[in-house]
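As a plain string of letters, each chain reads:
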Amino acid sequence: MECEEAGGWWFHLRRCAQCGHIGCCDDSPAKHATAHYRATGHPVIRSFEPGEGWFWNYATEELYASGPDLAPPAGHPADQPVPGPAGRVPADWARTLR
């Protein structure tokens, strides 16, 4: 995951429904999920937040309340803070949200 490799932080995580790539959402500083779509053309992501099962299609800009089950895991560990990861989120993180 690019945020982890760069020592960055994220607000929420998204998972590519086609290849399983995990990227940060567009409210996160790096916007890795959208960058993955632009680089690969893989249009559909699923929330990677525990308890969420919605999908988003970048190509059609459609939100789906649910969709097919993807291979596990369905979300990041429930004990991982949001935003995360613990220890790298700046104190003023809320000011960075668009």
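From a predicted model like this one, the values you see are computed outputs, not experimental measurements.

Colleague: Even after reading the chapter, I still don't get the packing of aromatic side chains, so can you show me in this structure?
Modeller: Given two aromatic rings, their pairing is described by the distance between the two centres and the angle made by the two planes. Using the criterion set out here, one finds two aromatic pairs in the structure. Each ring, one from Tyr37 and one from Tyr58, has its centre 4.8 Å from the other, and the planes form 10°; the classification is stacked. Here Tyr37, found in helix H2 (residues 32-40), pairs with Tyr58, found in the loop between strand S4 (55-57) and strand S5 (62-64); they are 21 residues apart in sequence, far enough to count as distant. With a relative accessible area of 14%, Tyr58 lands in the buried category.

Colleague: Help me out: how do you make sense of H2 in this one?
Modeller: Side chains of residues three or four places apart in an α-helix project in the same direction, reflecting 3.6 residues per turn. Of the residues making up H2, those classed as buried are His32, Ala33, Thr34 and His36. Packed against the buried residues of H2 are helix H1 (2-6), strand S1 (13-16) and strand S2 (22-24). A positive phi of about 80° marks Gly41, the residue just after H2.

Colleague: Any chance you could explain the layout of surface pockets here in plain terms?
Modeller: Empty space among the atoms can be located by rolling a probe the size of a water molecule over them. By volume, the largest pocket is sized at about 170 Å³. As for the largest pocket, its lining consists of ten residues, of which Arg14, Cys25, Asp26, Ile45 and Trp54 are closest to the centre. Residue composition of the lining of the largest pocket, by class: five nonpolar, one polar and four charged.

Colleague: Help me understand the environment of Glu52 in this model?
Modeller: Of note, Glu52 is situated in the loop between strand S3 (44-47) and S4. As a C-alpha pair, Glu52 and Arg95 span 43 residues in sequence and 25 Å in three-dimensional space. The contacts of Glu52, once residues within four sequence positions are left out, are Arg14, Arg46 and Ser47. In this structure the side chain of Glu52 is engaged in a polar contact, spanning 3.0 Å, whose partner is the side chain of Trp54.

Colleague: Hey, could you run me through the pairing of S1 in this one?
Modeller: Put simply, side chains in a regular strand alternate between the two faces of the sheet. Burial of S1 is two-sided: the residues Leu13 and Arg15 facing one way and the residues Arg14 and Cys16 facing the other way are all buried. Taking the residues between adjacent antiparallel strands as the criterion, S1 and S2 are bridged by five residues, where Gly20 takes a positive phi near 90°. Looking at chain direction, S1 and S3 are connected through three bridges and run antiparallel. The partner of Arg14 across the bridge, within S3, is Ser47.

What counts, and at which threshold
Residues numbered from 1 in each chain as written. Predicted model: local features only at pLDDT ≥ 70, side-chain atom pairs only at ≥ 80, totals over all residues. Heavy atoms only, no water. Phe/Tyr/Trp six-rings, centres within 6.5 Å; stacked < 30°, edge-to-face > 60°. Helix = DSSP H or I, 4+ residues; strand = E, 2+ residues; numbered from the N terminus. Buried < 20%, exposed > 50% of the residue type's maximum accessible area, 1.4 Å probe, protein only. Contact = heavy atoms within 4.5 Å. 1 Å grid on protein atoms, 1.4 Å probe; cavity = no way out; pocket = protein on both sides within 12 Å on 5 of 7 lines; lining within 4 Å. Points joined across faces, edges and corners; volume = space filled by probe spheres on them. Nonpolar A, V, L, I, M, F, W, Y, C, P; charged D, E, K, R; others polar. Polar contact = N/O pair within 3.5 Å; in protein donor to acceptor, adjacent residues only side chain to side chain. Pairing = 2+ DSSP bridges.

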